[in-house]
Amino acid sequence: MSVSALLLSCVFLWSIFALIVHIALPQTADKIRRAAQTSLILVWLVLIVSLLVINRQTIVIMLGGWVAPFGIALVTDQLSQVMMVVFALVAMCVSFYSYWDQAIVNRQKGFYAGFWLLLLGVSGAVFTADIFNLYVWFEVILVSAFILLASGDQSKPHAMMHYALMNITGTLLMLLAIALLYGAFGSLSYAEIANQLIQVQHPSILPILCLLLFAIGLKGAVFPLYFWLPKAYPKPSHSSMMLLSSLVTKTVMVVLLRLVWLWSPLRGPFFTHSLVFVALATMFFGVLGAASQFRFKDILAFHIVSQLGYIVLAIVLPSALAIIAAVYFIIHNVFVKTNLLMVASIIEQHHGSDGFKKLGQMLKQHNYLSVVFFLAAMSLAGFPPLSGFWGKLFIIKSALDTHFYISAAVAIIVSLFTLYSMIKIWRYVFCEKGQTSCGKPLMLSIYVIIAIAPLLLLPILMGLWPDGILTCLKPISVQLQHPEHYIHLVLRGRS
């Protein structure tokens with residue numbers, strides 16, 4: 001077994017081990033649980049980073065020694081490695097913040113069990129090379145989301161039911177699409193399906209792919225299937241909301257990016273123009289929903305939807321720069337949106353509400369938190385030289401280069417609406433005086449400062465050093481543009 005295969009195995013085994021540790025620890029062992037969680041997440045991060053540093057090639061691991069398309073394949077390449085490093089960094093930051101989160105103080109066992117089950121599901125979904133196993137890992141993510149939604153002291157049953165209803169519907173549709181794919185191709189391997197699509201015309205593939213994309217779109221919260229997300233995400237504990245918003249929808253976007261560039265019909269005119277329309281509608285209606293809200297977390301929840309539109313647009317634009325833009329924007333958005341949600345959670349925990357009428361004068365009360373929010377908000381809106389500026393610039397340039405001029409115009413307009421909603425938060429939360437005020441001073445724990453610092457610094461570094469990031473992401477674009485290498489490796493089950 002190669003070093004890369006050993007590291008990848010350890011990533012999964014460590015997640016399972018961490019899950020068992022938290023289940024075994026008694027509910028009252030808070031200090032022991034905190035120490036265990038810190039050690040577990042740091043080791044997991046080291047494993048993920050080591051996988052990226054050691055392995056510069058695409059490595060295929062066939063479980064049980066079976067050859068594709070019959071065996072279960074796990075693939076570690078530049079895309080999966082980079083995204084898992086990003087997810088691991090964010091998970092570490094949320095883990096440190098959770099030590100201060102009063103909403104889970106009485107339900108830490110449930111939260112950390114859901115935490116590690118989510119990381120296990122995300123790892124499987126990112127590394128898998130089989131559409132049925134993708135469905136299995138999505139189910140693991142779904143179960144972990146139920147646990148996280150129920151982990152807060154003020155969890156809302158109707159939010160859980162809404163989330164469950166929509167995602168179970170997506171699951172059933174995905175399972176139906178998978179059955180149809182197996183009937184058409186006799187295999188569920190990404191590579192085998194891609195190989196047959198290159199060699200043989202399949203007349204029935206169009207409706208099957210439409211059904212699959214509909215199911216993925218429902219789980220990814222894109223237009224017109226996004227309405228469940230703003231209702232569900234602001235309701236659980238603060239730490240749970242950060243995990244779900246940072247990992248679940250972004251994992252779906254990574255899967256969509258891989259499938260679009262692996263299965264050739266998804267790059268045809270029909271799917272390209274259809275997905276561009278979906279992306280623009282997601283951007284536009286998401287930002288309109290954000291602009292109409294007057295609660296901190298509700299605005300950010302709608303912005304999750306809006307930013308997904310940018311990612312989908314970059315995924316489907318037929319250019320090398322668009323691939324780089326998609327990955328860059330996912331990384332930027334994971335860091336910045338988690339940072340904004342963390343600020344919103346700190347303020348809500350301090351004031352007891354995230355409604356604008358009860359908030360105010362945070363600029364006067366806490367300068368550090370105000371600076372953190374301002375930089376993250378301007379990055380989300382796309383101000384130079386922050387990461388959001390470059391992410392949106394790459395997407396707009398890709399749209400202009402591929403003659404999608406309306407898409408470029410909509411992206412600019414949505415950025416202006418994003419700026420408007422960020423200014424609204426700045427005005428009501430940080431500048432104006434609210435109807436009620438919290439007399440006690442805001443004291444941040446060292447855990448919160450450790451959690452916020454990477455989320456603040458990394459987008460700034462991405463903005464100040466875009467050439468270096470582009471150089472790091474270029475191999476991903478090359479790999480996705482030439483899927484024949486991926487297909488060759490998986491079907492032969494060797495590196």
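Keep in mind that this is a model prediction, so the values were computed, not measured.

**Student:** I'd like a description of the pattern of salt bridges, backed by residues and values.
**Tutor:** Opposite charge on two side chains lets them pair, provided their charged atoms get close. This model, assessed by the stated rule, comprises 3 salt bridges. A salt bridge links R258 to D77; the shortest N-O distance between them is 3.0 Å. One end of the pair, R258, is in helix 10 (residues 238–262); the other, D77, is in the loop between strand 2 (72–76) and helix 3 (78–98), with 181 residues separating them in the sequence. With a relative accessible area of 4%, D77 lands in the buried category. Linking E348 and K297 is a salt bridge whose minimum nitrogen-to-oxygen distance equals 3.1 Å. Highlighted residues: E348 in helix 13 (residues 320–351) and K297 in helix 12 (residues 296–316), separated in sequence by 51 residues. Residue E348 is classed as buried on the basis of its relative accessible area of 18%. According to the relative accessible area criterion, K297 is buried, its value standing at 3%.

**Student:** Outline the environment of S95, listing residues and values.
**Tutor:** Within the secondary structure, S95 sits in helix 3. Considered as a pair, S95 and I41 are 54 residues apart in the sequence and their alpha carbons are 7.7 Å apart. Setting aside residues no more than four positions away along its own chain, S95 makes contact with Q37, I41, Y112 and F115. Polar side-chain contacts of S95 include one of 3.0 Å to the side chain of Q37.

**Student:** So what's going on with the state of the cysteines? Which residues, and what values?
**Tutor:** Put plainly, a disulfide is one covalent bond tying together the sulfur atoms of two cysteines. Within this structure, the stated rule accounts for 0 disulfides. With no disulfide partner, C93 has as its closest neighbouring cysteine sulfur the one in C472, 19 Å distant. Assessed through its relative accessible area of 2%, C93 is described here as buried.

**Student:** Requested: an account of the nonpolar core, with residues and values cited.
**Tutor:** One finds I131, Y190, Y233, W263 and I346 to be the most contacted residues of the largest nonpolar core, which totals 201 residues. Looking at this core element by element, the count peaks at 20 residues for helix 13.

**Student:** So what's going on with the pairing of strand 1 (residues 59–63)? Residues and values would help.
**Tutor:** In terms of residue burial, strand 1 counts as a mostly covered element, since 4 of its 5 residues are buried. Strand direction decides the pairing type here: strand 1 and strand 2, joined by 5 bridges, are antiparallel. Note that in strand 2 the partner of I59 across the bridge is T76.

**Student:** Describe in detail the side chain of T58, supporting the description with residues and values.
**Tutor:** Here T58 is to be found in the loop between helix 2 (30–54) and strand 1. Separated by 3.5 Å, the side chains of T58 and Q479 make a polar contact.

**Student:** Would you mind going over the packing of helix 13 against helix 16 (residues 387–401) in detail, with residue names and values included?
**Tutor:** Contact geometry for helix 13 and helix 16: axes closest at 9 Å, N-to-C directions at 155°. With respect to helix 16, the axis of helix 13 lies roughly antiparallel. Between helix 13 and helix 16 the crossing geometry is left-handed. Of the residues in helix 16, those in contact with L321, A322, A325, Y328, F329, H332 and V336 of helix 13 are S387, G388, W390, G391, K392, F394, I395, K397, S398 and D401. Partitioned by chemical class, the residues of the contact of helix 13 with helix 16 number 9 nonpolar, 5 polar and 3 charged.

**Student:** Could you give me a rundown of the packing of helix 8 (residues 205–220) against helix 10, with the residues and numbers involved?
**Tutor:** Close contact between helix 8 and helix 10 brings their axes to 9 Å; oriented N to C, the two are set at 150°. If you check the angle between helix 8 and helix 10, you find them roughly antiparallel. On helix 10, the residues touching L213, I216, K219 and G220 of helix 8 are T249, V252, M253, L256 and L259. Across the contact of helix 8 with helix 10, the residue classes tally to 6 nonpolar, 2 polar and 1 charged.

**Student:** Talk me through the environment of I48; I want residue IDs and the actual numbers.
**Tutor:** Secondary-structure assignment places I48 in helix 2. You can call I48 buried: its relative accessible area is 2%. Separated by 60 residues in the primary sequence, I48 and Q108 have C-alpha atoms spaced 25 Å apart. Among residues more than four places away in sequence, those in contact with I48 are V11, M84, V85 and A88.

**Student:** Hey, could you go over the packing of aromatic side chains for me, with residue numbers and the actual values?
**Tutor:** Taken as a whole and judged by the stated rule, the model has 29 aromatic pairs. Ring geometry for F12 versus W137: centroids 5.7 Å apart, planes at 40°, classification tilted. Taken together, the positions of F12 in helix 1 (residues 3–24) and W137 in helix 5 (residues 131–149) put the pair 125 residues apart, joining distant regions of the chain. A relative accessible area of 11% places F12 in the buried class. Of the aromatic side chains, those joined through ring pairs into one cluster are F223, Y226, F277, F284, F285 and F417. Lying across the ring of F294, K424 places its NZ or CZ 4.2 Å from the centre.

How each quantity is defined
Residues numbered from 1 in each chain as written. Predicted model: local features only at pLDDT ≥ 70, side-chain atom pairs only at ≥ 80, totals over all residues. Heavy atoms only, no water. Salt bridge = Lys/Arg side-chain N within 4 Å of Asp/Glu carboxyl O. Helix = DSSP H or I, 4+ residues; strand = E, 2+ residues; numbered from the N terminus. Buried < 20%, exposed > 50% of the residue type's maximum accessible area, 1.4 Å probe, protein only. Contact = heavy atoms within 4.5 Å. Polar contact = N/O pair within 3.5 Å; in protein donor to acceptor, adjacent residues only side chain to side chain. Disulfide = S-S within 2.5 Å. Core = buried A, V, L, I, M, F, W, Y, C linked by side-chain atoms within 4.5 Å. Pairing = 2+ DSSP bridges. Axes fitted to C-alpha atoms, helices over the stretch in contact; angles between N-to-C directions. Parallel < 35°, antiparallel > 145°, perpendicular 65-115°, else oblique. Left-handed = near helix turned anticlockwise from the far one by under 90°. Nonpolar A, V, L, I, M, F, W, Y, C, P; charged D, E, K, R; others polar. Phe/Tyr/Trp six-rings, centres within 6.5 Å; stacked < 30°, edge-to-face > 60°. Lys NZ or Arg CZ within 6 Å of the ring centre and 35° of its normal.

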